[in-house]
Amino acid sequence: MAAADYYSTEEPRVLAIILGGGKGTRLYPLTQERSKPAVPFGGKYRIVDIPISNCINSGFKKIYLLTQFNSASLHLHIINSYNFDRFSHGFVEILAAEQTLEHSGWYEGTADAVRKNFQHFKVQHPTHYIILSGDQLYRMDLRAFMDTHIKSGADITIAAKAVNREDASGFGIMKVDSSNRITEFMEKPAKDADISEWKIPAEARGDLPAKLEYLASMGIYIFNSEAMDEMLNNDFMDFGKEIIPMAIQTKKVQSYIFDGYWEDIGTIKSFYEATIDLTNPVPHFNFYDEGKPVYTHMRNLPPSKINNADLTATLASEGCVITNSRIQHSVIGVRSIINEHCDLNGVVMMGSDFYESDEEKAANKKKGIPNVGIGANCKIERVIIDKDAKIGDNCSINATGKKYDDGDHGLFYSADGIIVIRKGAIIPSGTVI
């Protein structure tokens, strides 16, 4: 049955597949004990909540999440967050790499991950697959994306962002004709390469700003099920580098130009900047859209208690206790404890998974270990504090202007001038970093 027939005769049966990525080395040490999709974001969410919420808000409620590294935290989050009623037929299911009689290895790439799970997908009898990334920040109407794909009669549609020449070198670039059909694909052209013939045709530009002349793949795809079966009937491992260039030669492959905010938050720098941007009066990514909420784990936590503190351009999640401190342009995660006379600026504090009891605090004191949270009289700037960290009194972190080489420094990790305090780290009182 042709794509147009699906649109005219029945509702498409769509499977959403979210790719969890590999080891997440660019986000290390946030990925030391968890997969990229499970990294906390925005105070109370996880990164994976973004693509899952885009699917749910678009009416696509059959969602598979493919992962293979450090997936325990992700499993727990999915189980606690996404439970559909029995009448909706919806689900969010994690498919970790597994050994079968047909294959025994890890996922070797994005296409390989999908291929190795066909036996799980086929039982749903999908007409279409929508492939999403697990580490991107954006809000897209995937229903409009799907409608455009079906109306065009395409076999495959690729979501694309218009970029300038400088940024084009960091993406897979697509050449399109006046009808937005993709005719060629180039992976990350060199900065000095002449790609002037790849500029977006005037007929396909719409209202794009003049400086945005090239189309970059977002790594978001829609496949008709027959096209997916055919394109993966080989040993190719990656969609962007192998499957898409091959498909352009034999299939109708369209582009779908997305003009909203989109950010790959797969590095410490991009993750930090996207998180701090949430504190601006009008952030690029808006959590405050009642019509399209971002879903996550519903916790039974008390409201945050602010004891005589000065908070400016700051997000404070549930269950926090902040006492007599000054906090600017920061995102404070669930159950965060910040003691008196602290000065935080540009801090991403992921919070804690638990509250310490009085007995635990007393035991910590005897051992000379700080309590979970931030002790008194601390000055902290441009820092990511991972969950359950214990920072003692009178600490100064990234506030002296000292520069560190990128990499591991024992008590902390440095990346692009951003200090990362590891999950569960113990920073003794009086420490200066």
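Residues numbered from 1 in each chain as written. Predicted model: local features only at pLDDT ≥ 70, side-chain atom pairs only at ≥ 80, totals over all residues. Heavy atoms only, no water.

Structural notes on the nonpolar core
Soluble, globular proteins show a tendency: their nonpolar side chains are buried together.
At step 1: In terms of nonpolar packing, the biggest core is built from 40 residues, with Val 114, Phe 121, Ile 131, Phe 223 and Phe 239 touching the most fellow members.
At step 2: Counting residues per element, this core draws most heavily on helix α10 (residues 239–250), which supplies five residues.
At step 3: The residues touching Val 114, leaving out its near neighbours within four places in the chain, are Ile 17, Leu 19, Leu 66, Phe 121, Ile 131, Met 228, Leu 232 and Phe 239.
At step 4: Core analysis: the second largest hydrophobic core is formed by 31 residues, Leu 74, Met 140, Leu 142 and Ile 150 among them. (Core = buried A, V, L, I, M, F, W, Y, C linked by side-chain atoms within 4.5 Å. Buried < 20%, exposed > 50% of the residue type's maximum accessible area, 1.4 Å probe, protein only. Helix = DSSP H or I, 4+ residues; strand = E, 2+ residues; numbered from the N terminus. Contact = heavy atoms within 4.5 Å.)

Observations concerning the pattern of salt bridges
At step 1: One pass over the structure, following the stated rule, counts 17 salt bridges.
At step 2: A salt bridge links Asp 112 to Lys 116; the shortest N-O distance between them is 3.0 Å. Neither Asp 112 nor Lys 116 differs from the other in exposure class; each is buried.
At step 3: Here Lys 251 ties to Glu 230 by a salt bridge, and the two come within 2.6 Å at their closest N and O atoms. Remark: Glu 230 occurs in helix α9 (residues 225–231) and Lys 251 occurs in the loop between α10 and β12 (253–257); sequence separation between them is 21 residues.
At step 4: Salt bridges sharing partners connect three or more residues here, namely Arg 326, Asp 343, Lys 379 and Glu 381. (Salt bridge = Lys/Arg side-chain N within 4 Å of Asp/Glu carboxyl O.)

Section: the confidence of the model for the protein chain
The predicted structure's coordinates, where accompanied by low pLDDT, should not be read in detail.
At step 1: Mean pLDDT over the protein chain: 92, with 95% of residues reaching 70 or higher.
At step 2: Within the model, pLDDT remains below 50 along residues 1–9, and this stretch shows 16 contacts once partners closer than five positions in the same chain are excluded. (pLDDT = per-residue confidence, 0-100.)

With respect to helix α2 (residues 49–57)
Along an α-helix, residues three or four positions apart point the same way, because every turn accommodates 3.6 residues.
At step 1: Burial analysis of α2 places eight of its nine residues in the buried class, which makes it a mostly covered element.
At step 2: Listing the buried residues of α2 in full gives Asp 49, Ile 50, Pro 51, Ile 52, Ser 53, Asn 54, Cys 55 and Ile 56.
At step 3: The first or second residue beyond α2 is Gly 59, which carries a positive phi of 90°.

Remarks on the packing of aromatic side chains
At step 1: Inspection of every chain in the model, using the stated rule, returns 16 aromatic pairs.
At step 2: A centroid spacing of 4.4 Å and a plane angle of 0° characterise the contact between Tyr 45 and Phe 287, whose relative ring orientation is stacked. Taken together, the positions of Tyr 45 in strand β3 (residues 45–46) and Phe 287 in the loop between α11 (268–277) and β14 (305–307) put the pair 242 residues apart, joining distant regions of the chain.
At step 3: Ring geometry for Phe 118 versus Phe 121: centroids 6.5 Å apart, planes at 85°, classification edge-to-face. Here Phe 118 and its partner Phe 121 are both found in helix α5 (residues 118–121), three residues apart, which amounts to about one turn of the helix.
At step 4: A residue is classified by how much of its surface remains accessible, and Phe 118, at 13% relative accessible area, is buried.
At step 5: Over the face of the ring belonging to Phe 118 we find Lys 122, whose NZ or CZ atom lies 4.9 Å from the ring centre. (Phe/Tyr/Trp six-rings, centres within 6.5 Å; stacked < 30°, edge-to-face > 60°. Lys NZ or Arg CZ within 6 Å of the ring centre and 35° of its normal.)

Comments concerning the pairing of strand β10 (residues 182–187)
At step 1: Note: strand β9 (residues 172–176) against β10, five bridges, orientation antiparallel. What sits directly across from Lys 175, in β10, is Glu 184.
At step 2: Linking two consecutive strands that pair antiparallel, namely β9 and β10, is a turn of five residues; a positive phi of about 70° is found at Asn 180 within it. (Pairing = 2+ DSSP bridges.)

Observations concerning the pairing of β9
At step 1: Counting buried positions along β9 yields five of five residues, so the element is predominantly enclosed.
At step 2: Burial along β9 is two-sided: Gly 172, Met 174 and Val 176 and Ile 173 and Lys 175, pointing in opposite directions, are all buried.
At step 3: Direction of pairing for β9 relative to strand β11 (residues 214–224): antiparallel, over a ladder of two bridges. Bridge pairing in β11 links Met 174 to Leu 215.

Thoughts on unusual backbone geometry
At step 1: Cis peptide bonds are those with omega within 30 degrees of zero, and the linkage from Tyr 28 to Pro 29 qualifies with 10°.
At step 2: Here His 125, not a glycine, exhibits a phi torsion of approximately 50°, which is positive.
At step 3: Tracing the chain through its elements places His 125 in the loop between α5 and β6 (128–133).
At step 4: What makes His 125 exposed here is its relative accessible area of 55%.

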